[in-house]
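# Chains, contacts and geometry: an overview
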Amino acid sequence: MKEPLIKFKHACLGYGGNPVLTGVDFEIQPQSFVGILGHNGSGKTTLLKTLLGLIPCMKGQFTSHGANLGLPRYGYVPQKERLDPIYPLSAHDVVAMGTYRKLEFFPRLRGKDGRGLIEHCLAACGASHLGQKAYSDLSGGQKQRVLIARALATEPEILALDEPLAGIDITTQKALLKLLKQFKEQRHLTILMVSHRIQAEKGLFTHIVWCDEGQVVMGPVDEMLSHGRLSEIFKAEL
């Protein structure tokens, strides 16, 4: 087995002095497709923010490393509603935000190299024709393609998506899931996807992380879906 990209050991996650998830123990191996599932308010976002380094681990151990033993490069796809539509940004501008890794709002594009990377990422997501359109005018599915292209522009090892299928029609959901499967297989990405259901995604996940009542359980998909308690929880979704 390869060295895990991400490892939690006896970890406590939360904000300030208020724990949200306790006793967190799991590992994520390279090239996994992990579904982070649970009801609203179960701690999925807290777990994702800890993984991304946005909030510290309160107690216990949290380690992560990339291919060169430094911190892994993350490509983050937020919920599409999180990007304020009042900003007059084109789809090209939104993807360009991903080319600047120090997280300042405006990217410092690297001349032709920067433009080439943006165009390549748009093309990879089937969104080349959207480049000059206003982001605020795009459909839900088109916005998600642009946000995924922005995440790819960071040249990530780990692609983290927060509810990427929310508010999108079934046809577009299937197209986006097919796209993610291609990225995992062709780019050898590790993918983490936050969701509150598994009906569309369960065939792609290699593992499931289930957050519930302050606890976290992780295992292979087959094991998790055959487990008595989780089968009952997921019954309406299967």
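Here is a short report on the structure shown in this document. (Residues numbered from 1 in each chain as written. Predicted model: local features only at pLDDT ≥ 70, side-chain atom pairs only at ≥ 80, totals over all residues. Heavy atoms only, no water.)

## Concerning helix H5 (residues 170-187)
- Spanning 18 residues, H5 covers 25 Å between terminal C-alpha atoms, matching the ideal 26 Å at 1.5 Å per step.
- Among all positions of H5, only Thr172, Gln173, Leu176, Leu177, Leu179, Leu180, Phe183 and Lys184 are buried. The arc that holds every buried residue of H5, seen down its axis, measures 155°, which confines them to one face. Exposed residues lying more than 90 degrees from the buried face of H5 are Ile170, Thr171, Lys174, Lys178 and Gln186.
- Taking the backbone nitrogen of threonine 171 as reference, a side-chain oxygen 3.2 Å away marks aspartate 169 as the first, capping residue of H5.
- Immediately downstream of H5, the backbone of histidine 188 shows phi near 60°, a positive value. (Helix = DSSP H or I, 4+ residues; strand = E, 2+ residues; numbered from the N terminus. Expected span 1.5 Å × (residues − 1). Buried < 20%, exposed > 50% of the residue type's maximum accessible area, 1.4 Å probe, protein only. Arc of directions from axis to C-beta. Polar contact = N/O pair within 3.5 Å; in protein donor to acceptor, adjacent residues only side chain to side chain.)

## Brief notes about the packing of aromatic side chains
- Summed over the entire model, instances satisfying the criterion amount to 3 aromatic pairs.
- Considering the side-chain rings of phenylalanine 8 and phenylalanine 26, the 5.1 Å spacing of their centres and the 50° angle between planes classify their relative orientation as tilted. Remark: phenylalanine 26 occurs in strand E2 (residues 18-28) and phenylalanine 8 occurs in strand E1 (residues 6-15); sequence separation between them is 18 residues. The pair phenylalanine 8 / phenylalanine 26 is uniform in exposure class, with both members buried.
- Summarising the aromatic geometry, the rings of phenylalanine 33 and phenylalanine 205 are spaced 5.5 Å apart at their centres and angled 55° between planes, so their arrangement reads as tilted. Here phenylalanine 33, found in strand E3 (residues 33-37), pairs with phenylalanine 205, found in the loop between strand E7 (190-195) and strand E8 (207-212); they are 172 residues apart in sequence, far enough to count as distant.
- Residue classification places phenylalanine 33 among the buried residues on the basis of a relative accessible area of 1%. (Phe/Tyr/Trp six-rings, centres within 6.5 Å; stacked < 30°, edge-to-face > 60°.)

## Details of the sheet that holds strand E4 (residues 59-64)
- Spatially, 3 strands are ordered E2-E1-E4 in an open sheet, and the strand pairing comes out antiparallel. The open sheet terminates on both sides in strands that have one partner only, identified here as E2 and E4. Taken over all neighbouring pairs, the strand axes of this sheet differ in orientation by 35° on average, direction set aside.
- By the bridge criterion, 5 bridges tie E1 to E4 in an arrangement that is antiparallel. The residue of E4 that forms the bridge with phenylalanine 8 is phenylalanine 62.
- Sheet contacts for helix H1 (residues 44-51): E1, E2 and E4; angle to E1, the most-contacted strand, approximately 120°. (Pairing = 2+ DSSP bridges. Axes fitted to C-alpha atoms, helices over the stretch in contact; angles between N-to-C directions. Contact = heavy atoms within 4.5 Å.)

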